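# Report on the structure
The primary structure of each chain is shown beneath.
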Amino acid sequence: MAGCQHRWEMADVEFGFVAFERCFHCDGLRTFFSPEQAPFLGEEYREGRCFWRRVENAQSLRFSLRCARCGERHTLEELMGLLHCSGCDPACEIDRLRLQAEAAGEWVLVGFGFADKNGAIPIPQAKLEILADYFNQRRAASRPRLRLLSFEQIGELSRCHGDFLHDVGMLSLEPPPPRKSLLVAPAPEPGGRAASNADRENGHDTP
Amino acid sequence: MTLRDLIDRLKLKSLSTFDDRDVSGVVVSDMVSDVMAGAKSGNLWLTVQTHKSIVPAANLVDVAAVVVTSGKTVPQETVDLASKYKVAILSSELSTFELVGKLYSLGLGGT
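Source: prediction; values computed, not measured. (Residues numbered from 1 in each chain as written. Chains lettered and ligands numbered in written order. Predicted model: local features only at pLDDT ≥ 70, side-chain atom pairs only at ≥ 80, totals over all residues.)

Next up on the list: the interface of chain A and chain B. Counting residues at the interface gives 21 residues for chain A and 18 residues for chain B. Those elements that place two or more of their residues in the side of chain A that touches chain B are β1 (8–23), β4 (50–67), β7 (106–113) and α2 (125–138) of chain A. The residue inventory of the side of chain A that touches chain B, partitioned by class, reads 11 nonpolar, four polar and six charged. (Contact = placed C-beta atoms within 7 Å. Helix = DSSP H or I, 4+ residues; strand = E, 2+ residues; numbered from the N terminus. Nonpolar A, V, L, I, M, F, W, Y, C, P; charged D, E, K, R; others polar.)

This is the structure in structure tokens:
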């Protein structure tokens, strides 16, 4: 509604998993939200020339934002997650913007869309601003304001070592292995494809 | 009740640098997604998670402090990141269950 000073609240909350699949033929990565109760790690299937393998299930949620005053609603189903920039690459535009924001008393997270075979799908800037408004409205006035940037400004996605605000390894009956970047393609092992958390959590190395 | 009051009364250990502030309730979860959906500004977040991703999650929902229970060792990189953003990381030798009981007896409720 025009003129409404929106007061955003979370709505339509659904818990599930962000599934990460990697093709060991083209090394492509794709992600999607899965409402499965117990997703299977290591599932493999063929699709055209690609051989997709589930390499990670990260517990997460999806939700909409609704204005408590006027009822305006925005779905955020394209939001895969938020990433904290680790400052791994000084040449990355996100790192430059992060340093700039922090000098101005703000702090930065990066909004990621789900990825298809061709890469992550952008989230409209207007939605990122609404999401930032939602979190900022919940914050104490004395705390730094949150600024959300789009992942499109990351210089080299396949080298990004940022940390997703996801839960990884929570389904394992064993202590989870050290967390690794979900964006960086794992190095292939001699004579085979790359090992993954799926291999480790299922208790076997690469077949 | 402020963070400093709680630290004194419950003998919590301060790991990061932070500004004192009021505490307005308690949330217990080891899942970032739970906290993102359910925590409120000023809450105390009790967890056994120590990965550095708890810092941006705590900052995002503006909890007053993260309290790592059961005497878990918090990695230095988590503490350093928390200090950078002035997110309070505290630790307790008590289990989550025991600490919740003490917080409840001090008058703190849920979110």
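Past the structure itself, the notes keep going.
All names here are of chain A. Ordered by their spatial adjacency, four strands build an open sheet running β10-β7-β6-β11, and the pairing between neighbours is mixed. Because the sheet does not close on itself, it has two edges, and the strands there are β10 (145–150) and β11 (163–164). Where α2 meets the sheet, its contacts fall on β7 and β10, and the angle it forms with β10 comes to roughly 160°. (Pairing = 2+ DSSP bridges. Axes fitted to C-alpha atoms, helices over the stretch in contact; angles between N-to-C directions.)

So, about α2(A). For an α-helix, 3.6 residues make a turn, and residues three or four places apart therefore share a direction. Here α2(A) contains 14 residues, and its C-alpha end-to-end distance of 20 Å stays within 8% of the 20 Å for a straight helix at 1.5 Å per residue. The set of residues buried in α2(A) consists of A:L128, A:L131, A:A132, A:Y134 and A:F135. Projection of α2(A) onto a plane perpendicular to its axis shows the buried side chains occupying an angular sector of 155°, all on one side. Counted as exposed and oriented over 90 degrees from the buried face of α2(A): A:A126, A:E129 and A:Q137. Looking at the packing, one finds that the buried side of α2(A) touches β1, β4, β7 and β10 of chain A together with α3 (54–61) of chain B. (Expected span 1.5 Å × (residues − 1). Buried ≥ 20, exposed ≤ 12 C-beta atoms within 10 Å, placed from the backbone. Arc of directions from axis to C-beta.)

Of the residues in chain A, 81% reach a pLDDT of 70 or more, and the chain-wide mean stands at 83. Taken as a whole, residues 192–207 of chain A scores under 50 in pLDDT and shows 33 contacts with residues more than four places along the chain or in a different chain. (pLDDT = per-residue confidence, 0-100.)

Right, let's get into the pairing of strand β2 (residues 29–34) of chain A. Residues and elements named next belong to chain A. Inspection of the sheet shows β1 paired to β2 by six bridges, in the antiparallel sense. Within the sheet, the bridge partner assigned to F17 lies in β2 and is S34. Taking the residues that link successive antiparallel strands as the turn, the β1-β2 hairpin has five residues, and the phi of D27 there is positive, at about 65°.

All names here are of chain B. Within the largest apolar cluster, 74 residues are counted, with the highest numbers of intra-cluster contacts made by V66 and V67. A total of six residues in this core trace back to one element, the largest contributor, which is α3. When neighbours within four sequence positions are excluded, V66 is seen to be in contact with W45, T47, I54, A58, V87, A88 and I89. (Core = buried A, V, L, I, M, F, W, Y, C linked by C-beta atoms within 7 Å.)

Our focus in this paragraph is the environment of B:V23. All names here are of chain B. One can find V23 in the loop between β1 (13–14) and β2 (25–28). For V23, a count of 21 C-beta atoms within 10 Å corresponds to the buried category. In this structure V23 touches M1, T2, L3, L6, G42, L44, A64 and L108, once residues within four positions along its chain are discounted.

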